[in-house]
Amino acid sequence: MARAVMRPLGRGDVMQRKWIDGRPTKQIAESFIKPNDRLTSFERLEIYNRQYWFRIRDCFYEDYRGLRAILGDQKFERLADEYLSKYPSRSYTLRNLGSRLVKFLQAEPRWTKPKTKLALDLARLEWAHIEAFDNAAKPALKLEDLAGVEAAKIRLKLQPHLTLLTLENVVDDFLITLKKNSGLRSEASNAMEQTQRRKKTKLAHGLKRQKNFLAVHRYEDGIYYKQLERGQFVLLSAMQSGATLEKAVAKLVGLKISGDLGATVGKWFANWAALGWFCGLEK
Amino acid sequence: MPANPFNGFTDYGIGIGLRVPHYEHILSQKPTVDWFEIISENFMGDGGRPLKVLDQILEQYRVVQHGVSMYFGSSEKLNRDHLKKIKRLVKRTKTPWLSDHLCWGSVDGRYTHDLLPMPYTFAAAKVTAQRIREARDFLEVPIGVENVSSYAEFHVSEMTEWEFLNEVVERADCGILLDVNNIYVSSKNHNFNPLDYVNGVPADRVAQIHIAGHSKFQKYILDTHDHPVIDPVWKLYERAIQRTGRTATLLEWDDRIPSFDEVHGEALKANQFLKRVESAKTKA
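Scope of this entry: the structure provided in the associated data block. Please read all numbers here as calculations on a predicted model, not as lab measurements.

Some words on the overall build of chain A
If you tally the helices and strands in chain A, you get eleven helices and five strands. In terms of overall size, chain A is more extended than a compact globule, its C-alpha atoms giving a radius of gyration of 24 Å where 283 residues would be expected to give roughly 19 Å. In terms of overall dimensions, chain A has C-alpha extents of about 80 × 40 × 35 Å along its principal axes. Of all 283 residues assigned to chain A, the portion counted as buried reaches 35%.

Here it is in C-alpha cells:
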C-alpha cells in the first residue's frame, strides 16, 4: 500500500492507471482493498495517493516560494514532483522535506535550466531560513568563558541557527518581500485536504547577478538575512569549520579590508557578539 | 469516570487545539480556556518562536500533547531519536497523558505523513500493542490511542474496527482517545452504525474525546476539520459521555480556521450535552 500511496500521480492528479510492472493498478488495488457500494478499490486507494501528494506538495510549495517565483508554476511543480519522488520524506516532520533539495538540484540541473545558479541560490537561502526558524539557540558566550584560554588557540562555536552562504545573485531582499506577502507555513495536523492549495505565483525577473555573502540567523525570534563583507564571511566560515582564532584571522591576509585591520576585525567581533552568534568554545 | 489511569487521573474539561492564527489573541487577551491540545510535532524543533510561544502558553494554561507521527501500527522499530524529542517535550509541557493514532504511516524509514488505516488482524493488534507499550515505557506517561477516519478497508481484516481497537488497548493496557467525528466519517464511508462503535468500546479506557467537523462529498466523507460539528456527531458525543461520564473533550479545527471566539464557542457547545447527561443521571 505504501508504494501505491507514494507513487507519483498521473496527469490530472489522478492515480496512475498502470502499475509499475504494467498490470492495471485496478487489479493491484482489488487484491487488498475492499470496494463498497459507492467506490471501487481503485478509487479508495486513490484517495490516499492524492492525499499524500497534496500534503507534501503544499508543504514543499510553502517552503520554497522563492524558487517557485523564479522558475514559474509549471516548471517548479515538475521539479517538486521529481524531487519528492526521488527523495521522499525520511523524517517524522515535514519541516525536513527540503533537506536534500540542494543536492538534488546540483546533481540534476536540467530541472532549473537556464536559471540553475539562481535556483541554487534560492534553494540554499530558503533551506537556511528553515534552519534559522527552529534550530537551537545556545546561551551566548560570556567574557568570563574566555578567562584563562590562550587567545590564539580559541575555537569559537557559532550558533546552530546561523548559516553562512555564498550566493551568485542578490536574492535576500526579493525573498524577504515574498515571505512578507504570503501566509504562514502549513503546520502538521491530522486533517485531510480537500484539494491542493494551488496559488498562481508571479514570475520574478531582473534579480541582480552579483556574488555576495550572507548570514541567515535568528535574533529575538525573528529571522534575518545579514549581508557580509568577503572578509567577514571568510573569518566566520573558518571559525564555523573549527579553525582557531589565530588560523581564522590568518585567512584575512591578502584580502582587501578597509581601515585598520585590528580595529575593523574588533568591530566585527563586537557586532557578532551583540547578535549572540558565539555560543561557546570548541574543545 | 472523569479521571482514570489513562488520563493521569485528571479532570480537564473542554479544550481546543492550539493553532497559529490564535496565538496573538490568546497571548494578548488571555481568554479562559480549560486546556489546549498541541500537535507535538509542531513543537519538537530545538528552538525558535514555536517553543517561545509554547512556554508563554504553559505559564497560563494546561496543555496536552497529541501526536501525528508515532505510527503505532507501523511494523518497523520505534525511532529512539524521535521518542527522545517527544520525551523532551513531555518534560516541558508536563502533559498528564499523550495521544497518537491507531494507524501506520512509515515504511523502510520513509514517512507518508498520513494516518493510514490498518488491517484489523490479531497479528497487527499484537505488534501495535507492543509498540504502544514500548513508547509508554520510554516516555513514562499514559498513552491514549485515537481511532482514525478512514477511506479504505482491507480484505484481510478479521474483525470490526472497534473490535480491533479493543484488542489493541487491552493488549497494550492503554487508553483511548475516542474521536466521535472520525467514527461518524468512517461509518458513512464503510456503512456501519456509528452507535455500535461508540457502544462497543470499553468506557473505562476512554481518556479523552475529540470532536470536529468534516466535508461531505458525493461518494465519501473527508475528515477535513474545517467546519463546525454536525448534529449527528454531537449525538454520538452525547452517547459517548453517557457511557464514560464527564471526559476531557477537545474540538479540532485545522483548516479555514475562524476566530478564536468562534472555535472556542463551538467547543463549549459540549457543555449542553454534559449538563443534559449529568442531569439525567441525577434524576435516575
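Here we look at the sheet that holds strand β2 (residues 35-39) of chain B
Residues and elements named next belong to chain B. Sheet architecture is closed into a barrel: eight strands sit in the order β1-β2-β3-β4-β7-β8-β9-β12, paired in parallel fashion. The mean inter-strand angle of the sheet, taken between neighbouring strand axes irrespective of direction, is 30°. Note that strand β8 (residues 175-179) and strand β9 (residues 206-212) share four bridges and pair parallel. Paired with D179 across the bridge in β9 is H210. Where helix α9 (residues 260-268) meets the sheet, it contacts β1 (14-17) and β12 (249-252), and its direction lies at approximately 140° from that of β1.

Observations concerning helix α11 (residues 261-274) of chain A
All names here are of chain A. Over its 14 residues, α11 runs 20 Å from end to end, which matches the ideal 20 Å to within 8%, given 1.5 Å per residue. By the criterion of burial, α11 is predominantly exposed, with just one of the 14 residues buried. Of the residues flanking the end of α11, it is G276, one or two places downstream, whose phi is positive at about 75°.

Looking at the interface of chain B and chain A
Where interface size is quoted, it is often the accessible area lost as the parts come together. Opposite the 42 residues of chain B that make contact, chain A presents 42 residues. Listing elements by their share of the side of chain B that touches chain A, those giving two or more residues are α2 (49-60) and β6 (110-116) of chain B. When residues in the side of chain B that touches chain A are grouped by element, the largest group, seven residues, is from β6 of chain B. Its residues assigned to classes, the side of chain B that touches chain A comprises 14 nonpolar, 17 polar and eleven charged.

Some points on unusual backbone geometry
Following K113 of chain A, the chain continues to P114 of chain A via a peptide bond in cis, the omega torsion being 0°. When you line up the elements, P114 of chain A lands in the loop between α6 (101-107) and α7 (116-134). Even without being glycine, E220 of chain A reaches a positive phi, approximately 45°. Assignment of secondary structure puts E220 of chain A in the loop between β3 (209-219) and β4 (222-228). What makes E220 of chain A exposed here is the crowd of 10 C-beta atoms within 10 Å. One non-glycine residue, E140 of chain B, lies in the positive phi region at around 55°. With respect to the helices, strands and loops of the structure, E140 of chain B is situated in the loop between α4 (122-139) and β7 (143-146).

Cut-offs applied
Residues numbered from 1 in each chain as written. Chains lettered and ligands numbered in written order. Predicted model: local features only at pLDDT ≥ 70, side-chain atom pairs only at ≥ 80, totals over all residues. Helix = DSSP H or I, 4+ residues; strand = E, 2+ residues; numbered from the N terminus. Rg over C-alpha atoms; globule rule 2.2 N^0.38 Å. Buried ≥ 20, exposed ≤ 12 C-beta atoms within 10 Å, placed from the backbone. Pairing = 2+ DSSP bridges. Axes fitted to C-alpha atoms, helices over the stretch in contact; angles between N-to-C directions. Contact = placed C-beta atoms within 7 Å. Expected span 1.5 Å × (residues − 1). Nonpolar A, V, L, I, M, F, W, Y, C, P; charged D, E, K, R; others polar.

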